[in-house]
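Listed below, chain by chain, are the residues.
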Amino acid sequence: MSSFPGSPRTVPGAIVAVDPVSALSRVAVFQYNPDEVTRTLTPRAPAGGGSTVDQDRVFGAPTQRIAMRVELDSTDGLEVGDGVTSAAGVAAGLAVLEMLMYPSVARVVANTALLLAGTIEVLPPRAPLAVLAWGPGLVVPVRLDSVTVTEQAFDAATLQPVRATVDLSLSVLTYDDLAPTDPGHYVFVAHQVVKEALATTAGAAGVAAIGQGA
């Protein structure tokens, strides 16, 4: 989509899942950044509910849920003659977002082979590490809780969707949810470092403003 030449460059948000088996199918760059992002933080409760002496304790990072709506439209791709958009509309972009919830076919085939070979127990494959990158202030590991797709218009010849919205519901994974050997553990630590730095800066600015007002 064309824009005014003097407008600032927009950095797209994305969800990137680290999966060496099927890397490209797990990189979901938002065509348009959502206009609204809702974040709900809830204090982490102690196991078993805790006691009265535990009420003033902090049991790790809060749980956090993120909701956003992503829009996809084939107009931009058709304007530049993109072959994938011409053939599939926004179906390819939808597939990238949906694949964040699938195991790879290679893992499914491998597990099926193990079962047919008589393996007693086959563990479900681990999901790739998914990271929401929403600017420098919000780079966190996430789990997709739901992906709701609304297809709004279709190509008359192929019935491929040409416009769609996707409602994403995400749970942030913290260092309380991930093992120290998991890279996501340290992604969240880095996120909290950024948060603490912002909070300290804002606190210092608030104190200075009070002093100037006095």
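Everything below is about the structure printed above this text.
Residues numbered from 1 in each chain as written. Predicted model: local features only at pLDDT ≥ 70, side-chain atom pairs only at ≥ 80, totals over all residues. Heavy atoms only, no water.

A. Looking closely at helix 4 (residues 105–116). Its 12 residues place the ends of helix 4 16 Å apart at the C-alpha level, agreeing with the 16 Å of an ideal helix rising 1.5 Å per residue. Within two residues after helix 4, Gly 118 carries a phi angle of roughly 95°, on the positive side. (Helix = DSSP H or I, 4+ residues; strand = E, 2+ residues; numbered from the N terminus. Expected span 1.5 Å × (residues − 1).)

B. Focus on the pattern of salt bridges. A full pass over the atoms with the stated rule returns five salt bridges. In this structure, Asp 145 engages Arg 143 in a salt bridge whose closest nitrogen and oxygen atoms are separated by 3.1 Å. Residue Asp 145 is classed as partly exposed on the basis of its relative accessible area of 29%. Residue Arg 143 is classed as partly exposed on the basis of its relative accessible area, which comes to 43%. In this structure, a network of salt bridges that share partners links the residues Arg 44, Asp 176 and Asp 177. (Salt bridge = Lys/Arg side-chain N within 4 Å of Asp/Glu carboxyl O. Buried < 20%, exposed > 50% of the residue type's maximum accessible area, 1.4 Å probe, protein only.)

C. Quick look at the environment of Asp 177. Mapping Asp 177 onto the fold places it in the loop between strand 7 (161–172) and helix 5 (183–213). For the pair Asp 177 and Gly 60, spaced 117 residues apart in the sequence, the C-alpha separation amounts to 9.8 Å. Contacts of Asp 177, omitting those with residues within four sequence positions, involve Arg 44 and Val 172. Among the polar contacts listed, one links the side chain of Asp 177 to the side chain of Arg 44, at a separation of 3.4 Å. At a separation of 2.9 Å, a polar atom in the side chain of Asp 177 contacts the main-chain amide nitrogen of Thr 174. (Contact = heavy atoms within 4.5 Å. Polar contact = N/O pair within 3.5 Å; in protein donor to acceptor, adjacent residues only side chain to side chain.)

D. Representation of the environment of Glu 36 within the structure. Inspection of the secondary structure puts Glu 36 in the loop between strand 2 (27–29) and strand 3 (37–42). Using a relative accessible area of 59% as the deciding quantity, one classes Glu 36 as exposed. It is 7.4 Å that separates the C-alpha atoms of Glu 36 and Arg 69, two residues lying 33 residues apart in sequence. Not counting chain neighbours up to four residues away, the residues in contact with Glu 36 comprise Ala 67, Met 68 and Arg 69.

E. Inspection of helix 3 (residues 91–99) at higher detail. Considered for burial, the residues of helix 3 that qualify are Leu 94, Val 96 and Leu 97. Buried residues along helix 3 cover an arc of 155° about the axis, so they all sit on one side. Taken together, the buried residues of helix 3 touch strand 2, strand 4 (63–73), strand 6 (139–154) and strand 7. (Arc of directions from axis to C-beta.)

F. Structural view of the packing of aromatic side chains. For the structure on display, the rule yields two aromatic pairs. Arranged with centres 6.4 Å apart and planes meeting at 50°, the rings of Phe 30 and Trp 134 form a pair that is tilted. Of this pair, Phe 30 sits in the loop between strand 2 and strand 3 while Trp 134 is found in the loop between strand 5 (129–133) and strand 6, placing the two residues 104 residues apart along the sequence. The exposure class of Trp 134 is partly exposed, given its relative accessible area of 25%. Note on Tyr 175 and Phe 188: the rings are 5.3 Å apart at their centroids and 75° apart in plane angle, and the pair reads as edge-to-face. With a gap of 13 residues between them, Tyr 175 in the loop between strand 7 and helix 5 and Phe 188 in helix 5 connect regions that are remote in the sequence. For Phe 188, a relative accessible area of 6% gives the class buried. (Phe/Tyr/Trp six-rings, centres within 6.5 Å; stacked < 30°, edge-to-face > 60°.)

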